[in-house]
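What the coordinates show
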Amino acid sequence: MLLKVIQLHKNEKELIRRAIKQDREAQHVLFELHSPKMLSVCRYYIKDIHQAEEAMLNGFFKVFKYLEKFKAQGSFEGWIRRIMVRESISLLRGKKRIEFPSEDISIHEKGSAYSNTELEVEDIQRLIDNLPEGYRMVFVMYAIEGYKHSEIAELLKISESTSKSQLFKARKVLQQKVNHLNKTGDGTN
Amino acid sequence: MAPIKFEEDIRERLEKRELQPSADVWQKLSNRLDAEPKRKRNISYWRLGIAASFAGLIMVSSILFLKSSDTNINTPALVEEETVKTVEETELINTVTEEESIQKSQIVLEELEKEGKNQKKEFTPVNVVVVETKNDQLLVMEENATEDTTTKVLAFKETAIASTVDSIQTIEQKMVDEVVAEIQKLQEEKSTVTDAEIDALLHQAQKELTSKHLYDASTKIVDAELLLLQVETDLDQSFRDRVFEVLNSGYKKVRTAVAERNN
């Protein structure tokens with residue numbers, strides 16, 4: 001199966017062409033190839049893994065539904081990824097109103113810079129998960145996905161200034177938390 | 001710079017992460033995709049229906065349009081009226097010239113009588129045929145019964161009365177004249193002219209006529225439409241009809257003229 005997947009991966013265009021014609025096998029291969037990465041992307045935004053999976057499923061459904069609209073100008077993964085981000089935002093919006101806190105979250109500890117501590121992926125995810133939803137979304141979109149503030153503003157239906165301020169605040173909170181982690185880590189060691 | 005370094009670091013780590021979805025996720029997705037095409041197919045049938053109805057509408061409208069345009073084209077009824085008019089005109093001209101032709105035929109007969117007297121031969125005209133063409137060329141054919149099969153033909157060329165016939169018609173007319181002359185020549189030579197001979201003459205004339213129409217020597221252009229028409233027998237038929245018509249009408253006129261004169 002793995003060999004088959006690797007062989008087919010070499011011919012992604014052919015797979016896409018077949019998937020457009022609703023070839024279920026080709027769709028399955030594409031799903032197998034991209035779903036682990038895409039679930040991880042959805043997980044950036046959504047704390048609950050089952051909800052993240054739901055967002056991913058919705059995303060893949062749209063991928064195969066509108067696959068013929070995919071113009072092979074960019075990478076296929078990039079195209080799917082943008083769909084996943086939208087679906088994650090959509091799912092969060094559907095659940096509840098996303099809040100973008102205007103007030104600073106109280107900073108108890110001072111810290112001018114991030115320490116160079118080697119954080120595990122789970123720790124990073126936990127740090128992101130603990131951010132207020134608005135902060136988290138703007139931070140992930142800007143720092144991880146590489147969206148511009150104008151794009152974030154459009155997708156989240158907020159102003160660019162709000163996007164910028166949300167990023168600033170998210171960074172601030174993350175800094176505090178990393179510093180806190182380092183301190184507690186030092187303490188344990 | 002520090003936040004950027006931190007962000008780069010966490011991006012790298014997060015990008016390496018992969019989360020394996022539950023085993024049933026693909027099945028769920030597959031079921032959803034299976035359900036989707038049915039709806040799509042329904043939509044496509046619906047669209048197909050609309051497209052078909054549009055196509056039908058276009059066909060019906062085009063048929064109606066063509067019919068209406070046909071009625072417009074069928075105004076050749078007017079053209080036919082015009083041709084009838086021209087026929088009437090020619091008939092009028094014929095009636096005008098009829099008197100002249102009667103006079104002419106009288107003169108002809110008088111002359112023939114004179115000739116007959118000079119030759120001291122009995123001259124009793126039995127049958128005189130005047131062939132009248134549109135150029136008002138009169139071909140008078142006379143059969144002298146007493147002198148067996150000898151036939152004297154006198155042709156009169158009248159100055160053209162203002163005629164509306166075009167050059168093609170005049171060419172045709174010339175052909176008619178030529179054919180009639182040929183028949184008369186044959187009559188001179190033989191006692192009887194068979195239908196086959198007349199047919200052959202008509203066929204030859206027909207050929208010449210179509211070739212003249214086909215190729216214009218002055219412009220060196222071959223008429224493609226006429227080339228196609230050559231295949232059709234309609235023209236052949238009309239030309240033949242015209243020859244017989246002219247022969248017949250001319251015969252009747254002269255017969256009545258002679259009858260009146262005798263009276």
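Everything numeric in this text was worked out from a predicted model, so none of it was measured.

Side note on the overall build of chain B
Each helix and strand in chain B was counted, giving seven helices and five strands. Ordered by position from N to C terminus, the α and β elements of chain B give α-α-α-β-β-β-α-α-β-β-α-α. For chain B, the proportion of its 263 residues judged to be buried stands at 27%.

Focus on the nonpolar core
If you look at the biggest cluster of nonpolar residues, it comprises 64 residues, and the most contacted ones within it are Tyr45 and Phe64 of chain A. In terms of residue count, the dominant contributor to this core is helix α3 (residues 24-45) of chain A (10 residues). Once residues within four sequence positions are removed from consideration, Tyr45 of chain A is found in contact with Val85, Ser88, Leu92, Arg136, Met137, Val140, Met141 and Glu145 of chain A. Among the nonpolar cores identified, the runner-up in size contains 13 residues, and Met175, Val179, Ala205 and Val246 of chain B belong to it.

Quick look at a negative patch on the surface
Residues and elements named next belong to chain B. A surface patch of negative charge is lined by Glu178, Glu182, Glu188, Glu189 and Glu208. The dominant element in the negative patch, judged by the number of residues it contributes, is helix α4 (residues 167-189), at four residues. In this structure, Glu182 sits in helix α4. Among the residues examined, Glu182 registers a relative accessible area of 34% and is labelled partly exposed.

Quick word on the packing of α3 of chain A against helix α4 (residues 49-65) of chain A
All names here are of chain A. Remark: α3 packs on α4, axes separated minimally by 9 Å, with the N-to-C direction vectors making an angle of 135°. Looking at the two axes, α3 sits oblique to α4. For the crossing formed where α3 meets α4, the hand is right-handed. Where α3 abuts α4, its residues Gln27, Leu30, Phe31, His34, Ser35, Met38, Leu39, Cys42 and Arg43 lie against Ile49, Ala52, Glu53, Ala55, Met56, Phe60 and Phe64. Taken together, the residues of the contact of α3 with α4 break down into 11 nonpolar, three polar and two charged.

A closer look at the confidence of the model for chain B
All names here are of chain B. Summarising the model, chain B shows a mean pLDDT of 66, and 44% of its residues fall at 70 or more. Across chain B, element-level confidence peaks in helix α1 (residues 2-16) with a mean pLDDT of 82 and bottoms out in strand β3 (residues 151-157) with 40. Here residues 120-165 is modelled with pLDDT under 50, and outside its nearest four sequence neighbours on either side it reaches 117 contacts, counting other chains as well. Under the prediction, the complex receives an ipTM of 0.78, its pTM being 0.47.

Description of the interface of chain A and chain B
Contacts between the two partners involve 36 residues from chain A, matched on the other side by 27 residues from chain B. Summed over both sides, the interface of chain A with chain B buries roughly 3,300 Å², with 62% coming from carbon and sulfur. For Arg24 of chain A, the salt bridge identified is with Asp34 of chain B, shortest N-O distance 2.5 Å. Counting across the interface, chain A meets chain B through 13 residue pairs in polar contact (both at pLDDT 80 or more). Elements represented by at least two residues in the side of chain A that touches chain B include exactly α3, α4, α6 (121-129), α7 (133-144) and α9 (160-188) of chain A. By residue number, the principal contributor to the side of chain A that touches chain B is α3 of chain A, which donates 11 residues. Residues of the side of chain A that touches chain B, tallied by class, amount to 21 nonpolar, seven polar and eight charged.

The rules behind the values
- Residues numbered from 1 in each chain as written.
- Chains lettered and ligands numbered in written order.
- Predicted model: local features only at pLDDT ≥ 70, side-chain atom pairs only at ≥ 80, totals over all residues.
- Heavy atoms only, no water.
- Helix = DSSP H or I, 4+ residues; strand = E, 2+ residues; numbered from the N terminus.
- Buried < 20%, exposed > 50% of the residue type's maximum accessible area, 1.4 Å probe, protein only.
- Core = buried A, V, L, I, M, F, W, Y, C linked by side-chain atoms within 4.5 Å.
- Contact = heavy atoms within 4.5 Å.
- Patch = residues over 30% accessible without salt bridge, like charges linked within 9 Å, V, L, I, M, F, W, Y side chains within 5 Å.
- Areas by Shrake-Rupley, 256 points an atom, 1.4 Å probe, with all protein chains shown as cover.
- Salt bridge = Lys/Arg side-chain N within 4 Å of Asp/Glu carboxyl O.
- Lys, Arg positive; Asp, Glu negative; His and termini not counted.
- Charge placed at Lys NZ, Arg CZ, Asp CG, Glu CD.
- Axes fitted to C-alpha atoms, helices over the stretch in contact; angles between N-to-C directions.
- Parallel < 35°, antiparallel > 145°, perpendicular 65-115°, else oblique.
- Left-handed = near helix turned anticlockwise from the far one by under 90°.
- Nonpolar A, V, L, I, M, F, W, Y, C, P; charged D, E, K, R; others polar.
- pLDDT = per-residue confidence, 0-100.
- Buried area = accessible area lost by both parts, 1.4 Å probe.
- Polar contact = N/O pair within 3.5 Å; in protein donor to acceptor, adjacent residues only side chain to side chain.

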